[in-house]
Amino acid sequence: MAFFGKNKKSNILTDADLPVHIGIIMDGNGRWAKKRGLPRSAGHSAGAKTFRTITRYCSDIGIKYLTVYAFSTENWKRPENEVNSLMDLFKSYLEEALADFKDDSIVVKFIGDKSRFSDDLRKLMIENEESSKNRDGMVLNIAMNYGSRDEIVRAVKNISIDVKSGKVSVDDINEKLVSSYLYTSGQPDPDLIIRPSGEHRISNFLLWQSAYTEFVIMNKLWPDFNTSDLNEAINIFSGRNRRYGGI
Ligand code: IPE
Ligand code: IPE
Ligand code: MG
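Draft legend 1. Representation of the pattern of salt bridges within the structure. If you walk through the whole model with that rule in mind, you get 17 salt bridges. One salt bridge in this structure joins Glu 199 and Arg 201, with 3.6 Å as the shortest N-O distance. Here Lys 220 and Asp 229 are joined by a salt bridge, their closest N and O atoms 2.9 Å apart. Of the residues examined, Asp 229 reaches a relative accessible area of 8% and is grouped as buried.

Draft legend 2. Representation of the packing of aromatic side chains. Per the counting criterion, the structure on display carries 11 aromatic pairs. On the basis of an interplanar angle of 90 degrees and a centroid distance of 6.1 Å, the ring pair of Phe 71 and Phe 90 is categorised as edge-to-face. Note that Phe 71 is positioned in strand E2 (residues 65–72) and Phe 90 in helix H3 (residues 80–100), a separation of 19 residues in sequence. Here the aromatic residues Tyr 69, Tyr 146, Tyr 183 and Phe 205 are joined through ring pairs into a cluster of three or more.

Draft legend 3. Structural view of the sheet that holds strand E5 (residues 192–195). On the basis of which strands lie adjacent, the open sheet formed by six strands has the order E3-E4-E2-E1-E5-E6 and parallel pairing. Two strands bound the open sheet, and with one partner strand each, they are strand E3 (107–111) and strand E6 (214–217). Within this sheet the neighbouring strands show an average axis-to-axis angle of 20 degrees, counted without direction. With five bridges joining them, strand E1 (residues 21–25) and E2 adopt parallel strand pairing.

Draft legend 4. Spotlight on the site of ligand 2. In the vicinity of ligand 2, the residues found are Ile 25, Met 26, Asp 27, Tyr 69, Ala 70, Phe 71, Asn 75, Arg 78, Arg 195, Arg 201 and Ser 203. Asp 27 is positioned with one of its side-chain polar atoms (N or O) 3.2 Å from an oxygen atom of ligand 2. Within the contact set of ligand 2, an oxygen atom lies 3.3 Å away from a side-chain nitrogen or oxygen of Arg 78. Cavity membership is defined here by more than half of the atoms lying within 2 Å of grid points; on that basis ligand 2 lies in the largest pocket. By residue number, the principal contributor to the shell around ligand 2 is E2, which donates three residues. Class assignment for the residues of the shell around ligand 2 results in five nonpolar, two polar and four charged.

Draft legend 5. Quick look at the packing of H3 against helix H4 (residues 119–132). At a closest axis distance of 10 Å, the pairing of H3 and H4 adopts a crossing angle of 30 degrees. The orientation of H3 with respect to H4, classified from their angle, is roughly parallel. Note on packing geometry: the crossing formed by H3 with H4 is left-handed. Side by side, H3 and H4 meet where Met 87, Phe 90, Lys 91, Leu 94, Glu 95 and Leu 98 of the first sit next to Asp 120, Leu 121, Leu 124, Met 125 and Asn 128 of the second. Of the residues contributing to the contact of H3 with H4, the split by class is seven nonpolar, one polar and three charged.

Rules behind the numbers
Residues numbered from 1 in each chain as written. Chains lettered and ligands numbered in written order. Predicted model: local features only at pLDDT ≥ 70, side-chain atom pairs only at ≥ 80, totals over all residues. Heavy atoms only, no water. Salt bridge = Lys/Arg side-chain N within 4 Å of Asp/Glu carboxyl O. Buried < 20%, exposed > 50% of the residue type's maximum accessible area, 1.4 Å probe, protein only. Phe/Tyr/Trp six-rings, centres within 6.5 Å; stacked < 30°, edge-to-face > 60°. Helix = DSSP H or I, 4+ residues; strand = E, 2+ residues; numbered from the N terminus. Pairing = 2+ DSSP bridges. Axes fitted to C-alpha atoms, helices over the stretch in contact; angles between N-to-C directions. Near = heavy atom within 4 Å. Polar contact = N/O pair within 3.5 Å; in protein donor to acceptor, adjacent residues only side chain to side chain. 1 Å grid on protein atoms, 1.4 Å probe; cavity = no way out; pocket = protein on both sides within 12 Å on 5 of 7 lines; lining within 4 Å. Sits in = over half its atoms within 2 Å of the grid points. Nonpolar A, V, L, I, M, F, W, Y, C, P; charged D, E, K, R; others polar. Parallel < 35°, antiparallel > 145°, perpendicular 65-115°, else oblique. Left-handed = near helix turned anticlockwise from the far one by under 90°. Contact = heavy atoms within 4.5 Å.

Shown next, in the form of structure tokens:
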């Protein structure tokens, strides 16, 4: 794709250089707001706008899977007013913005434990999944009340239940089977994970799935992150030499 710029051979990135699956840890909203003397909730609203722009852009350039980390299992420990403002923001988003993705034929999935959300929010999440499931565009996984350790514990429990009932035998347990019990079942592992805001950590995101993922840390705070930053991350990714333990 011409607008991505340099490739070793031709100066042009082809579709083959594009990551199939991108993960983004949407971080830095609070610091963005603090720098401007605004409440943290203003940072989350600004971050939601970036989410919309970047999602649409990923779909436009032909990314097949995008997983965004919106709220972790650990984020409940934040002050009540911040958690409440995030829940309000999620609700207004599910009501309005996700309807927008219809035109881009985006398939919306929520990964994480939905049971902790309010009934209205959970209903909106399920409605969005149901109404988009037959579309044929990019799969957008929104990680909400998601923690990868929690996901793995859930998988272990469900495998145990299936072993107990005889549906699965212990000999059938392999990496492929474990993957199929995760929220991302049936999807390819992420090729690229981007973390804006300069933090060098994974914060409980896609631990199993990121065994061979390329990480790109960027210094911009999420509300300031734009399509050029995404292009830059993809360019960095396309220059990496992935060896998967080989030579
Ligand atoms: C990410 O931004 C959004 C959520 C975790 C919900 P933060 O709120 O973590 O922003 P910083 O890291 O405090 O700047
Ligand atoms: C990770 O960011 C979770 C999301 C972006 C939703 P955090 O801000 O919660 O992570 P830490 O606390 O810096 O590790
Ligand atoms: Mg943060």
